[in-house]
Amino acid sequence: MEYKHFSHEHNLSMYQVQPGQQFRCSGCDKFCDRTIYACWQCKFYLHEHCGNATRYIRHPFHAPHHLILCPYPTYPSNCFLCNACGTTGTRFSYCCALCEVDLHVNCAFLPPKVSHKAHPHELILNLSNQTSDHNSVNQMCKICRKSLDSKHWSYECAICVNYGVHTLCATSEMKMGLYQMDDGECSAPKAQQGAPMAQQAPSEGQVQQVELTPEEALALLHIMGLSNANVNAASYV
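Only a predicted model underlies this, so the values are computations on that prediction, with no experimental measurement involved. (Residues numbered from 1 in each chain as written. Predicted model: local features only at pLDDT ≥ 70, side-chain atom pairs only at ≥ 80, totals over all residues. Heavy atoms only, no water.)

> Just give me the short version of the sheet that holds strand 2 (residues 12-16), but keep the residues and values in it.
Strands sit in the order 1-2-3-4 across an open sheet of four strands; the sheet is antiparallel. At either margin of the open sheet sits one strand with a lone partner, and together these are strand 1 (2-3) and strand 4 (44-47). As paired strands, strand 2 and strand 3 (residues 35-39) are joined by four bridges and run antiparallel to one another. Bridge pairing links Ser13 to Ala38 in strand 3. (Pairing = 2+ DSSP bridges. Helix = DSSP H or I, 4+ residues; strand = E, 2+ residues; numbered from the N terminus.)

Shown next, in the form of structure tokens:
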């Protein structure tokens, strides 16, 4: 069975990674394991979660606008700085071109709460780009012992004073679908019953529509290099 992903010109086939094989994901630039989507002729591979990431999300970190899944950075430097973890990225991102907000796919779906073996209490994701009132400016991550930058997200303990950790130190878990929009706005692709979740190539005439503000539509067209195209700015198909 073949699947179509918007970021690649060819159909992708599912493949189960075998022990000893190494494939780097073209969506997040991390090594793949388990099930991947592959274009063998282009050496293009996607994790299952990267291949199934929905095209648009409403994220509480940036409530005013949709975040749009972009297959490559929109900046002249060909990279972006993730607002969540503070590291750079060169592949997929959820972005708001109007506000220059960028999130790695993995960061966009960080779970709101996690447990870690290094701490007895639940850790809560802080999206506010500032540490809690009781935390000091020079707080250190309690796991790696490096500085916590108050400009980026962290996991914090609501019980223990000054207990915070980097998101990357706390977990590699993701909660895909957390910020999936309602059917009236956008919905993630659904797999056929009995088949792995994936984005099947749409049948002829099948479309998916999401309502965008005129500003968001113009920003999206700029990303796609279609700023001079004659399109309806109120919706993007």
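> Give me the lowdown on the pairing of strand 3, citing residues and values where you can.
For strand 3, a buried count of five out of five residues is recorded, marking the element as mostly surrounded by other parts of the structure. Neither face of strand 3 is open: one carries Thr35, Tyr37 and Cys39, the other Ile36 and Ala38, and all of them are buried. The antiparallel pairing of strand 3 with strand 4 creates a hairpin that spans four residues between the two strands, and Lys43 there sits at a positive phi of about 55°. (Buried < 20%, exposed > 50% of the residue type's maximum accessible area, 1.4 Å probe, protein only.)

> Which residues make up the environment of Tyr3, and what are the values?
The topology assignment puts Tyr3 in strand 1. You can call Tyr3 buried: its relative accessible area is 4%. Through-space distance from the C-alpha of Tyr3 to that of Ala38 is 9.4 Å; in sequence the pair is 35 residues apart.

> Explain the environment of Val114 to me, and be specific about the residues and the numbers.
In this fold, Val114 is placed in strand 11 (residues 113-116). Taking C-alpha positions, Val114 is 9.8 Å from Glu156, a pair spaced 42 residues apart along the chain. In this structure Val114 touches Glu122, Leu123, Tyr155, Ala170, Thr171 and Glu173, once residues within four positions along its chain are discounted. (Contact = heavy atoms within 4.5 Å.)

> So what's going on with the packing of aromatic side chains? Which residues, and what values?
Under the counting rule described, the total for this entry stands at eight aromatic pairs. Put simply, the rings of Tyr15, Phe23, Trp40 and Tyr45 touch in pairs and so form one group of aromatic residues. In this structure, Arg24 is placed above the aromatic ring of Phe31, and the distance from its NZ or CZ to the ring centre is 4.1 Å. (Phe/Tyr/Trp six-rings, centres within 6.5 Å; stacked < 30°, edge-to-face > 60°. Lys NZ or Arg CZ within 6 Å of the ring centre and 35° of its normal.)

Keep in mind that these numbers describe shape and distance, not what the molecule does.
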